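# Working through the structure, step by step
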Amino acid sequence: MSQTRREFLAFLSAVPLASLGDRPDSADGLPGTMVVNGERLRRHLEGLSLFGRQADGTFASGVSRVGYSDADVAGRSYAMDLMRQAGIEPRVDAAGNILARRPGTDDSLAPLLFGSHIDSVPNGGNFDGDLGSLAAIEVIQTLRERNMTTRRPLEIVVWANEEGFAFGNGLCGSRAAAGQLVEGELDHVWNGGKKADAIRRIGGHPDRISEARRTPGSFACYLELHIEQGGTLDRAGIPIGVVEGIVSIDRYEVTIRGMANHAGTTPMPDRRDALIAASHVAIAVNEIVTSEPGRQVGTVGQLVVVPNAPNVIPGLVRHTIELRDLSADKIRRLADLVRSRARDIATRTKTTIEITHSSHHEGAMATPEIQAIIEKAAAAVSLPSQRMPSGAGHDAQMMATLGPMGMIFVPSVGGISHSPQELSRWEDCTRGAEVLLRSVLLLSR
Ligand code: HGY
Ligand code: MN
Ligand code: MN
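Just so it is clear, the model here is predicted, and its values are computed rather than measured. (Residues numbered from 1 in each chain as written. Chains lettered and ligands numbered in written order. Predicted model: local features only at pLDDT ≥ 70, side-chain atom pairs only at ≥ 80, totals over all residues. Heavy atoms only, no water.)

### Points about unusual backbone geometry
Along the chain, Val-306 connects to Pro-307 via a cis peptide bond; the corresponding omega equals 5°. By the secondary structure assignment, Pro-307 is in the loop between β12 (303-306) and β13 (312-313). Although it is not a glycine, Asn-147 adopts a positive phi angle of roughly 55°. Topologically, Asn-147 is positioned in the loop between α4 (130-145) and β4 (154-159). (Helix = DSSP H or I, 4+ residues; strand = E, 2+ residues; numbered from the N terminus.)

Next up, the structure:
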């Protein structure tokens, strides 16, 4: 008997939430104290951090485990071994996503899907994605040890290339599942290789990529535990964040053409310096984004100078612009303002500036009923929680196009992420895994 989204949400609204959190023993037979194994989760996070660590590094050195790299292949194999130790058998889908299923007492129901990613940005941290992926395995391991079987089947997932440093567009595995790969994406070339071959490297089948598609209703709901990557929870001293919505993200490729010339013999007024133009564009992005109230952000994060020689005036600069906000309309409007400023800058610097829209990730609101469940799950183990937006993008925003979605945050110390200094306290990681477990139990009844 499969349930439609409406039936599932109606069921959620009827779930006796008071069974969790108002008294020590929840209806699931779990005590009001933590039951996940925080020590084991820590060991697994430390174990995963070895794959992509620099040669003479330590845990504090962070990790470079870019999607489809050797380190990613090794980290994925480590994660799959942990799944097997937890009694579930992983498979790799056509897009390279790792999936593993645990049967429920009523296997005819759509599974509860939960997980995250383990690829990183270059010189990234050891918690972004890793926590949600390994905590999902910890949930399965804990249920097994406690001899608990949920009514609904459970399916955990490690998404492929969430960060998108490889091939310049993120949420790759979850976009394939949501049917949102762009035309010709598998033929894109990066770092001397084709995307289709990169997907093969991690065990996917690009020629059968459509098999990775998930249809609405193929899962009851999607849950993701993740570090906040900002400083809200850490500053507030609150251990659990309940995500209300995930930002829309627009990315642009900018190509600025001037004229390479001799740095010694070319008088300043005669120069067509592409890097000067790019510098004005970067400042314009910052000025435009900060010119109005709100949580919008804008970043010029990647820049290449050609020929990049000390004694040559830069003739060509390529750089990115990334704009984010919960409102897709707002970042479209801000991009239009950037474009018009770029036209003035091109005139003033005697350069040409081409701005190409390279990717859009639609934001997503989390399902209110699931937000309520997460709050109750936190209360079941006496953890305060607070609702908040996500300034980072996540695979969850792709899953939200297919079904109900919820995200659980834990604090990032100092709000630092995408850096070796990214850090979440072990006790917060354990708390996040516990709330994930409680939420899974409530949602898979
Ligand atoms: O870029 C992001 O927001 C995410 O960490 N991939
Ligand atoms: Mn992430
Ligand atoms: Mn990230």
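### Looking at the coordination of the manganese ion (ligand 3)
In this structure, Asp-128 (OD), Glu-163 (OE) and His-418 (NE2) serve as the protein donors to the manganese ion (ligand 3), at separations of 2.0 to 2.2 Å. For the pair the manganese ion (ligand 3) and the manganese ion (ligand 2), the metal-to-metal distance amounts to 3.5 Å, and Asp-128 bridges them. Here His-418 lies in the loop between β18 (405-410) and α12 (426-443) and Asp-128 lies in the loop between β3 (112-117) and α4, a separation of 290 residues in the sequence. Among the residues examined, Asp-128 registers a relative accessible area of 5% and is labelled buried. Owing to a relative accessible area of 39%, His-418 belongs among the partly exposed residues under this scheme. (Donors = N, O, S within 2.8 Å, 3.2 Å for Na, K, Ca; no water. Buried < 20%, exposed > 50% of the residue type's maximum accessible area, 1.4 Å probe, protein only.)

### Focus on the packing of helix α2 (residues 38-48) against α12
Their axes nearest at 9 Å, the elements α2 and α12 cross at an angle of 110°. For the element pair α2 / α12, the angle class is roughly perpendicular. As α2 packs across α12, the resulting crossing turns out to be right-handed. Across the interface between the two elements, Gly-38, Leu-41, Arg-42, Leu-45 and Glu-46 of α2 pack against Trp-426, Cys-429, Thr-430 and Ala-433 of α12. Tallied by class, the residues present in the contact of α2 with α12 amount to five nonpolar, two polar and two charged. (Axes fitted to C-alpha atoms, helices over the stretch in contact; angles between N-to-C directions. Parallel < 35°, antiparallel > 145°, perpendicular 65-115°, else oblique. Left-handed = near helix turned anticlockwise from the far one by under 90°. Contact = heavy atoms within 4.5 Å. Nonpolar A, V, L, I, M, F, W, Y, C, P; charged D, E, K, R; others polar.)

### Some points on the pattern of salt bridges
One side chain can pair with another of opposite charge once the charged atoms of both are near each other. Applying the stated criterion across every chain, the model contains 28 salt bridges. In this structure, Glu-211 and Arg-208 form a salt bridge, with 3.1 Å as the shortest nitrogen-oxygen distance. As a salt-bridge pair, Lys-330 and Asp-325 come within 3.7 Å of each other at their nearest N and O atoms. According to the relative accessible area criterion, Asp-325 is buried, its value standing at 7%. One network of salt bridges, with partners in common, ties together Asp-234, Arg-425, Glu-427, Asp-428 and Arg-431. (Salt bridge = Lys/Arg side-chain N within 4 Å of Asp/Glu carboxyl O.)

### Remarks on the domain arrangement of the protein
Looking at the assigned domains, one finds that the protein contains domain 1 (3-247 + 363-443) and domain 2 (248-361). Here domain 1 and domain 2 have C-alpha centroids that lie 35 Å from each other. In this complex, domain 1 contributes 15 residues to the contact, which on the side of domain 2 involves ten residues. Contact between domain 1 and domain 2 buries roughly 970 Å² in total, counting both sides, with carbon and sulfur atoms accounting for 56%. Of all residues in domain 1, the largest losses of buried area upon contact with domain 2 belong to Asn-169, Val-247 and Pro-389, amounting jointly to 41% of the total for that side. Joining domain 1 to domain 2, the criterion identifies zero salt bridges. Put simply, domain 1 and domain 2 have five residue pairs in polar contact (both at pLDDT 80 or more) between them. Among the residues making up the side of domain 1 that touches domain 2, the classes are represented as six nonpolar, eight polar and one charged. (Domains from an automatic or database assignment. Buried area = accessible area lost by both parts, 1.4 Å probe. Polar contact = N/O pair within 3.5 Å; in protein donor to acceptor, adjacent residues only side chain to side chain.)

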